[in-house]
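Secondary and tertiary structure notes
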Amino acid sequence: MSTSAPEQPRATKVEFIDQMLVVCLEDGREIHVPAEWFPRLRDASEEQRAKWRLVGRGVGIHWPDVDEDISVRGLLVPQSAVPQARKTA
């Protein structure tokens, strides 16, 4: 029996609570991140925020009214935790 996280975490529900983006995953986890991380969502109306759809069977979330796309994996592994590729001159 494996206790590791699924290779492709999938969202099932999205909501905003106060100024937090809350994403529920199919494995029961919830991700809470500040809406401040996503200026388009931060500045969007409640109606615009409520119009989201899952893409790729839940591997991503799309808000068509504000043209915002977020990957679930990106919420779990923030860019600051991923080593940047070395630039070559």
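What comes next concerns the included structure. (Residues numbered from 1 in each chain as written. Predicted model: local features only at pLDDT ≥ 70, side-chain atom pairs only at ≥ 80, totals over all residues. Heavy atoms only, no water.)

Here's the deal with the overall build of the chain
- Along the backbone of the chain there are 3 helices and 6 strands.
- Written out in order from the N terminus, the α and β elements of the chain read β-β-β-α-α-β-β-β-α.
- A burial count over the chain gives 29% of its 89 residues as buried.
- Counting only contacts in the chain whose residues sit at least 6 apart along the sequence, the fraction spanning at least 24 positions is 38%.
- Accessible surface computed for the chain: about 6400 Å², of which carbon and sulfur atoms make up 50%. (Helix = DSSP H or I, 4+ residues; strand = E, 2+ residues; numbered from the N terminus. Buried < 20%, exposed > 50% of the residue type's maximum accessible area, 1.4 Å probe, protein only. Contact = heavy atoms within 4.5 Å. Areas by Shrake-Rupley, 256 points an atom, 1.4 Å probe, with all protein chains shown as cover.)

Here we look at the environment of L76
- Note that L76 resides in helix α3 (residues 72-76).
- For L76 and I31, which are 45 residues apart along the polypeptide, the C-alpha to C-alpha distance reads 7.6 Å.
- Not counting residues within four places of it along the chain, the set of residues in contact with L76 comprises P9, L25, R29 and I31.

Here we look at the nonpolar core
- Ranked by internal contacts, the top residues of the largest apolar core, which has 16 residues, are L21, V23, I31, F38, W63, I70 and L75.
- Contributions of two or more residues to this core are made by β1 (11-17), β2 (20-25), β3 (30-34), β5 (60-63) and α3.
- Looking at this core, the element that brings in the most residues is β2, giving 3 residues.
- Each residue touching L75, except ones within four places of it in the same chain, is listed here: V23, I31, V33, F38 and I70. (Core = buried A, V, L, I, M, F, W, Y, C linked by side-chain atoms within 4.5 Å.)

Describing the side chain of E68
- Locating E68 in the fold gives a position in strand β6 (residues 68-71).
- Buried and unpaired, E68 has no salt bridge, with R40 as the nearest side chain of opposite charge at 4.6 Å.
- Once residues within four sequence positions are removed from consideration, E68 is found in contact with F38, R40, L41, I61, H62 and W63. (Lys, Arg positive; Asp, Glu negative; His and termini not counted. Salt bridge = Lys/Arg side-chain N within 4 Å of Asp/Glu carboxyl O.)

Any link to function would need more than the numbers given here.
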